[in-house]
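Examining the three-dimensional arrangement
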Amino acid sequence: MKFAVSIIIPALNEADSIKPTLEAVKLFGDEAETILVDGGSADETVRIAESFGVRILRAKRGRGTQMHAGASEATGEILWFLHADAIPPATAIEEIQNALRDKRIVGGNFTICFDGTRRAARFLTRLYPQLARFGLIYGDSAIFIRREIYEKIGGFKSFPLFEDLDLIRRVKREGKMINLAEKVICSSRRFENRSFALTFARWSILQILYWLGVSPNKLAKFYKAIR
């Protein structure tokens, strides 16, 4: 059975976060296929995903590697990459399909809203739309791409970091990206139990170095995993 949209979710030890995402995705019913690509979880991530009846693939650890593995097995004409701790809007499939009726548009993303009431969450919710004006589109925002375009540019590279920025840079060479007003709710867990100022400073410095040409493989050594 072929689907118009394939939802690809990379996961690694997401047992504490994956259930709300899968509950939201399940509401799409037969409008889309869902593929969870596990990178070697040591917790209950896979078991939880199995309980939702989603298709499960296994791939080498690394978000770019996992998402590319999922895209390679997907059947949809539209590839939608959703993080395991993100909750999409109920109208997401309809909004994606409507946006891509314009042949000039090759892909897009959603507006990000970070959960929680902390100042960091409110700050980032306001910041991300401003960053998008400079072309900075991140995987948190639930990126979707026409399959033909994804395949043409070679898809995600196996970068340990900034695989999303690299992909978007290449996608934009093929056509227009659209930002949808509907919100995807993203987890603020990366800023919990740690200094937001230090975390944000490190994040900013790593990005500056990336745009200056430093290899993502080198930068990954300074990126602290949240799991």
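You'll find the structure just up there.
Residues numbered from 1 in each chain as written. Predicted model: local features only at pLDDT ≥ 70, side-chain atom pairs only at ≥ 80, totals over all residues. Heavy atoms only, no water.

The biggest cluster of nonpolar side chains holds 49 residues, and the ones touching the most others in it are Ile 7, Ile 9, Trp 80, Leu 82 and Phe 110. Sort the elements by how many residues they give to this core and helix H5 (residues 119-132) lands first, with six residues. If near-sequence neighbours (up to four positions away) are discounted, Leu 82 is found in contact with Ile 7, Ile 8, Ile 9, Pro 10, Thr 21, Val 25, Pro 88, Ala 142 and Val 184. Leu 57, Leu 79, Ile 143 and Ile 149 belong to the second-largest nonpolar core, a separate cluster that totals 22 residues. (Core = buried A, V, L, I, M, F, W, Y, C linked by side-chain atoms within 4.5 Å. Buried < 20%, exposed > 50% of the residue type's maximum accessible area, 1.4 Å probe, protein only. Helix = DSSP H or I, 4+ residues; strand = E, 2+ residues; numbered from the N terminus. Contact = heavy atoms within 4.5 Å.)

Once that is clear, we can look at the layout of surface pockets. Empty space within the second largest pocket amounts to approximately 170 Å³. Along its surface, the second largest pocket is lined by Leu 22, Val 25, Lys 26, Phe 28, Gly 29, Ala 32, Glu 33, Thr 34, Phe 52, Gly 53, Val 54 and Arg 55. The set of elements that each furnish at least two residues to the lining of the second largest pocket consists of helix H1 (18-26) and strand E2 (32-38). (1 Å grid on protein atoms, 1.4 Å probe; cavity = no way out; pocket = protein on both sides within 12 Å on 5 of 7 lines; lining within 4 Å. Points joined across faces, edges and corners; volume = space filled by probe spheres on them.)

Once that is clear, we can look at a nonpolar patch on the surface. A cluster of nonpolar residues, Ile 205, Ile 208, Leu 209 and Leu 212, forms a patch on the protein surface that exposes about 400 Å² of accessible area. Along the chain, Ile 208 falls in helix H8 (residues 196-211). (Patch = residues over 30% accessible without salt bridge, like charges linked within 9 Å, V, L, I, M, F, W, Y side chains within 5 Å. Areas by Shrake-Rupley, 256 points an atom, 1.4 Å probe, with all protein chains shown as cover. Salt bridge = Lys/Arg side-chain N within 4 Å of Asp/Glu carboxyl O.)

Within the structure shown, the criterion is met by zero disulfides. Counting only cysteine sulfurs, Cys 113 is the nearest neighbor of Cys 186, a cysteine outside any disulfide, at a range of 8.3 Å. Given a relative accessible area of 4%, Cys 186 falls into the buried group. (Disulfide = S-S within 2.5 Å.)

Between H5 and H8, whose axes approach to 12 Å, the crossing angle comes to 20 degrees. When the axis of H5 is compared with that of H8, the two are roughly parallel. Helix-helix and strand crossings are classified by hand; for H5 and H8 the assignment is right-handed. Here H5 contributes Ala 120, Phe 123, Leu 124, Leu 127, Tyr 128 and Leu 131 to the contact with H8, which in turn contributes Phe 196, Phe 200 and Trp 203. (Axes fitted to C-alpha atoms, helices over the stretch in contact; angles between N-to-C directions. Parallel < 35°, antiparallel > 145°, perpendicular 65-115°, else oblique. Left-handed = near helix turned anticlockwise from the far one by under 90°.)

Spatial ordering of the open sheet is given by E3-E2-E1-E4-E7-E6-E8-E5, a layout of eight strands whose pairing is mixed. Each edge of the open sheet is held by one strand with a lone partner, namely strand E3 (55-58) and strand E5 (86-87). Strand direction decides the pairing type here: strand E6 (residues 105-114) and strand E7 (residues 144-146), joined by two bridges, are antiparallel. Bridged to Gly 108 within E7 is Phe 144. Relative to the sheet, H1 contacts strand E1 (5-11), E2 and E5, its axis offset from that of E1 by approximately 175 degrees. (Pairing = 2+ DSSP bridges.)

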